[in-house]
Amino acid sequence: LGAPAAKQVGKMMVGTTTEGTAKKSFFEDNGTPFIPGVAVAGKTGSLTGKRAPAYNYNWFVGFAPADDPQIAFAVLIANEADWKIKAHYAGRRLVQVWLERRKAIDAQRHAKIQGESLVLPARDENSGAVISRGPS
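Keep in mind that what you see is a predicted model, and the values were worked out from it rather than measured. (Residues numbered from 1 in each chain as written. Predicted model: local features only at pLDDT ≥ 70, side-chain atom pairs only at ≥ 80, totals over all residues. Heavy atoms only, no water.)

**A closer look at the overall build of the protein chain**
Phase 1: Regarding its fold elements, the protein chain presents three helices and seven strands.
Phase 2: In terms of overall size, the protein chain is more extended than a compact globule, its C-alpha atoms giving a radius of gyration of 19 Å where 136 residues would be expected to give roughly 14 Å.
Phase 3: For the protein chain, the spread of C-alpha atoms along the three principal axes comes to 55 × 40 × 35 Å.
Phase 4: Relative to its 136 residues, the protein chain shows a buried fraction of 26%.
Phase 5: Of the contacts made within the protein chain by residues no fewer than 6 positions apart, 37% connect residues no fewer than 24 positions apart.
Phase 6: When the accessible surface of the protein chain is summed, it comes to about 9400 Å², and 55% of that surface belongs to carbon and sulfur atoms.
Phase 7: The average position of the 18 basic charges and that of the 12 acidic charges among the side chains of the protein chain differ by 7 Å. (Helix = DSSP H or I, 4+ residues; strand = E, 2+ residues; numbered from the N terminus. Rg over C-alpha atoms; globule rule 2.2 N^0.38 Å. Buried < 20%, exposed > 50% of the residue type's maximum accessible area, 1.4 Å probe, protein only. Contact = heavy atoms within 4.5 Å. Areas by Shrake-Rupley, 256 points an atom, 1.4 Å probe, with all protein chains shown as cover. Lys, Arg positive; Asp, Glu negative; His and termini not counted. Charge placed at Lys NZ, Arg CZ, Asp CG, Glu CD.)

**Some points on the nonpolar core**
Phase 1: F26, V40, F60, F73 and V95 are the most contacted members of the largest nonpolar core, which has 13 residues in total.
Phase 2: Aside from chain neighbours lying at most four places away, what touches F73 is V40, F60, V61, G62, F63, G91, L94 and V95. (Core = buried A, V, L, I, M, F, W, Y, C linked by side-chain atoms within 4.5 Å.)

**Some details on the pairing of strand β3 (residues 71–79)**
Phase 1: Every second residue of β3 is oriented toward a common face, the buried set being I71, F73, V75, I77 and N79 and the non-buried set A72, A74, L76 and A78.
Phase 2: Here strand β2 (residues 56–64) pairs with β3 via nine bridges, running antiparallel. Each bridged residue has a counterpart across the sheet, and for F63 the counterpart in β3 is A72.
Phase 3: From the end of β2 to the start of β3, which pair antiparallel, there are six residues. (Pairing = 2+ DSSP bridges.)

**Things to note about the side chain of S25**
Phase 1: Take S25: it is sitting in helix α2 (residues 23–26).
Phase 2: Those residues within four positions of S25 in sequence are excluded, and the remaining contacts are F34, H88, Y89 and R92.

**Concerning helix α3 (residues 87–107)**
Phase 1: Over its 21 residues, α3 extends 28 Å from the first C-alpha to the last, a length consistent with the 30 Å expected when each residue adds 1.5 Å.
Phase 2: A bend of about 70° at R101 is the largest found in α3.
Phase 3: Listed in full, the buried residues belonging to α3 are A87, H88, G91, R92, V95, Q96 and W98.
Phase 4: Looking at the buried side of α3, the elements it contacts are α2, β1 (41–48), β2 and β3. (Expected span 1.5 Å × (residues − 1). Bend = angle between axes of the 7 residues up to and from the residue.)

Purely spatial values, then, with no claim about function.
Printed below as a string of C-alpha cells:
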C-alpha cells in the first residue's frame, strides 16, 4: 500500500475537518475557516462508559498543515454525561496556539535543563540556526 494509501488516508482526514464530524470546530456556520490558509487532517472518535463512573470519552488525532505536516497531536477528553467540550475543538485550539507561537516553540526546541538552570542554544541572528548548544 505505502505512500499512495497514506496520502489517501490524509485526504480523508482533511475531509473530517472540512465536511465531516469535526467541521463545526474548524469552520464558522457561514463557511469561514477558524484557521485561514491551513488545512488540518484529523480523525474523531468517542465512546461512552456504561457503569459508574461513566464518562463520555471523546478523542481527536491529527496533523497540520495537512500538505506539509509540522505538528502531530492527540487529544483525549473525558466529559460528564452532558458534553462540555469536544476533543476536535481542543485540537483546533492546539493548532491555533502552535501557529501563533511556533517561532518561540522552535527557538526552545534545543533547550535543556542542567542542574537547576535552563540552557538555551546560541543561534545565528539572521537564519536562526543553532550555532552552539552550550556545554554538554
